[in-house]
Amino acid sequence: MWDAAYKTLYREARAFLTEREGPEGADGPLTLQVKPAPRNMKDVYRRLIEAITVSNRMREAVGPLEPLAGPLIDFDPVRVQVRYGDRWDKLFEGIKASRHSEPGSADGLLGSFCQAVLAGAALLSQLRSVKTFKAFVDGLRYNEMSVAVLPLLLQSEIPGLGFNPACGFLDDCGFPDYIQPDRRVKAMLQGAGLTETRDNYEALKTLILIARANAIRPAAAHRLLRMIAAGKHRKAFIDHITPILKPTLQP
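Described below are features of the structure shown in this document. (Residues numbered from 1 in each chain as written. Predicted model: local features only at pLDDT ≥ 70, side-chain atom pairs only at ≥ 80, totals over all residues. Heavy atoms only, no water.)

Thoughts on the side chain of threonine 8
Logical step 1: As for its placement among the helices and strands, threonine 8 is situated in helix 1 (residues 2-21).
Logical step 2: Discounting chain neighbours no more than four positions away, the residues touching threonine 8 are Ile241, Ile244 and Leu245. (Helix = DSSP H or I, 4+ residues; strand = E, 2+ residues; numbered from the N terminus. Contact = heavy atoms within 4.5 Å.)

As structure tokens, then:
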């Protein structure tokens, strides 16, 4: 039932976009840049810290990451875990001392940052090596539910890390199937009856299913739907696809 719906959606989306935008619309080049694999766990930890500081407010509170190499022991998650454990206040004091800074309005965010990076160190220190980290991620790729649940796991283990930044972290570590679902694509999937909510997990899982049903990458499925959802044809496509999908979605 669902497999037929995903194949129908993809076929109709390509035809719909081609009719309105020409063949370049549906079949234009997909830029899929697989990021360089981390060389070691320091690289992994550094990329995780960058994901933690992705918001403008957090980035402003934390500042450049390079000066944190001292308090964060050259971004070594195992050594950070050994030195601090969950004593985020000790890391906070170390960062403040390294900056010679007085208490300020951003201290609350800096405290949240310290808690997050120590939680990240605790998680990564259990994996120990890039090989084990890759095996951990690959081990969840056997079905779409386990693939999509990994950002949720990271979100639950690391306070303040959102679903999309978790996907961004995994993408930065060389796993490009962890796309960050566009809000308009989420709305269109819900409008077409393929998801019940606009939840990030449900959207990512559905995009992975669409990709697998059509033997393409999730990024390609996301790109096609985003081109429709972001343009002036979104409502027209929903009106077009909903009655076509309805028979395939009935039990």
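Some thoughts on empty space enclosed by the protein
Where empty space is left becomes clear once a probe the size of a water molecule has been rolled over the atoms.
Logical step 1: The final tally for this structure, using the stated rule, is 1 cavity of 30 Å³ or more.
Logical step 2: Its volume calculated, the largest cavity comes out at about 40 Å³.
Logical step 3: What lines the largest cavity is simply Leu48, Leu123, Leu124, Leu127, Phe133, Phe136, Leu154, Ile158 and Phe169.
Logical step 4: Counting only elements with at least two residues in the lining of the largest cavity, the list comes to helix 7 (107-127) and helix 8 (130-138).
Logical step 5: Ranked by residues supplied to the lining of the largest cavity, first place goes to helix 7 with 3 residues.
Logical step 6: Among the residues making up the lining of the largest cavity, the classes are represented as 9 nonpolar, no polar and no charged. (1 Å grid on protein atoms, 1.4 Å probe; cavity = no way out; pocket = protein on both sides within 12 Å on 5 of 7 lines; lining within 4 Å. Points joined across faces, edges and corners; volume = space filled by probe spheres on them. Nonpolar A, V, L, I, M, F, W, Y, C, P; charged D, E, K, R; others polar.)

Observations regarding the layout of surface pockets
Logical step 1: Here the second largest pocket defines a volume of roughly 210 Å³.
Logical step 2: Of all the secondary structure elements, the ones that give two or more residues to the lining of the second largest pocket are helix 8 and helix 12 (200-213).
Logical step 3: Of the residues that constitute the lining of the second largest pocket, the class distribution is 8 nonpolar, 1 polar and 6 charged.

Things to note about the nonpolar core
Logical step 1: Judged by nonpolar contacts, the single largest core of 77 residues is most densely connected at Tyr45, Leu72, Phe113, Phe133, Phe169, Tyr178 and Leu225.
Logical step 2: Among all residues touching tyrosine 178, those that are not within four sequence positions of it are Val137, Val147, Leu150, Pro151, Cys167, Leu170, Asp171 and Leu204. (Core = buried A, V, L, I, M, F, W, Y, C linked by side-chain atoms within 4.5 Å. Buried < 20%, exposed > 50% of the residue type's maximum accessible area, 1.4 Å probe, protein only.)

What about the packing of helix 9 (residues 144-157) against helix 12?
Logical step 1: Relative orientation of the contacting elements helix 9 and helix 12 amounts to 145°, with a least axis distance of 9 Å. Helix-helix and strand crossings are classified by hand; for helix 9 and helix 12 the assignment is right-handed. Of helix 12, the residues touching helix 9 (which contributes Glu144, Met145, Val147, Ala148, Val149, Pro151 and Leu152) are Tyr201, Leu204, Lys205, Ile208, Leu209 and Arg212.
Logical step 2: Partitioned by chemical class, the residues of the contact of helix 9 with helix 12 number 10 nonpolar, no polar and 3 charged. (Axes fitted to C-alpha atoms, helices over the stretch in contact; angles between N-to-C directions. Left-handed = near helix turned anticlockwise from the far one by under 90°.)

Here's the deal with helix 1
Logical step 1: The end-to-end C-alpha separation of helix 1 is 28 Å, in line with the 28 Å expected for 20 residues at 1.5 Å each.
Logical step 2: Phi turns positive one or two residues past the end of helix 1, at glycine 22, with a value near 85°. (Expected span 1.5 Å × (residues − 1).)

Overview of the packing of helix 12 against helix 13 (residues 218-229)
Logical step 1: For the pair helix 12 and helix 13, interaxial distance at closest approach is 8 Å and the crossing angle is 105°. Classified by the interaxial angle, the pair formed by helix 12 and helix 13 is roughly perpendicular. For the pair helix 12 and helix 13, the contacting residues are Leu207, Ile208, Ile210 and Ala211 in the first and Pro218, Ala221, His222 and Leu225 in the second.
Logical step 2: Classifying every residue of the contact of helix 12 with helix 13 gives 7 nonpolar, 1 polar and no charged. (Parallel < 35°, antiparallel > 145°, perpendicular 65-115°, else oblique.)

Points about helix 13
Since the α-helix advances by 3.6 residues per turn, residues separated by three or four positions end up pointing in the same direction.
Logical step 1: Between its terminal C-alpha atoms helix 13 stretches 16 Å, which fits the 16 Å expected from 12 residues at 1.5 Å a residue.
Logical step 2: Helix 13 sits mainly inside the fold: 10 of its 12 residues count as buried.
Logical step 3: When helix 13 is considered as a whole, its buried residues turn out to be Pro218, Ala219, Ala220, Ala221, His222, Arg223, Leu224, Leu225, Ile228 and Ala229.

Section: the packing of aromatic side chains
Logical step 1: Overall, the coordinates contain 5 aromatic pairs when judged by the stated rule.
Logical step 2: Ring centres of tryptophan 88 and phenylalanine 92 lie 6.3 Å apart, and the angle between their planes is 80°; on these two criteria the pair is classed as edge-to-face. Remark: phenylalanine 92 and tryptophan 88 occur in helix 6 (residues 88-99); sequence separation between them is 4 residues, near one turn of the helix.
Logical step 3: Site record: aromatic cluster; members linked through ring pairs are Phe133, Phe169 and Phe175.
Logical step 4: The residue whose ring lies beneath arginine 20 is phenylalanine 16, and the NZ or CZ to ring-centre distance is 3.6 Å. (Phe/Tyr/Trp six-rings, centres within 6.5 Å; stacked < 30°, edge-to-face > 60°. Lys NZ or Arg CZ within 6 Å of the ring centre and 35° of its normal.)

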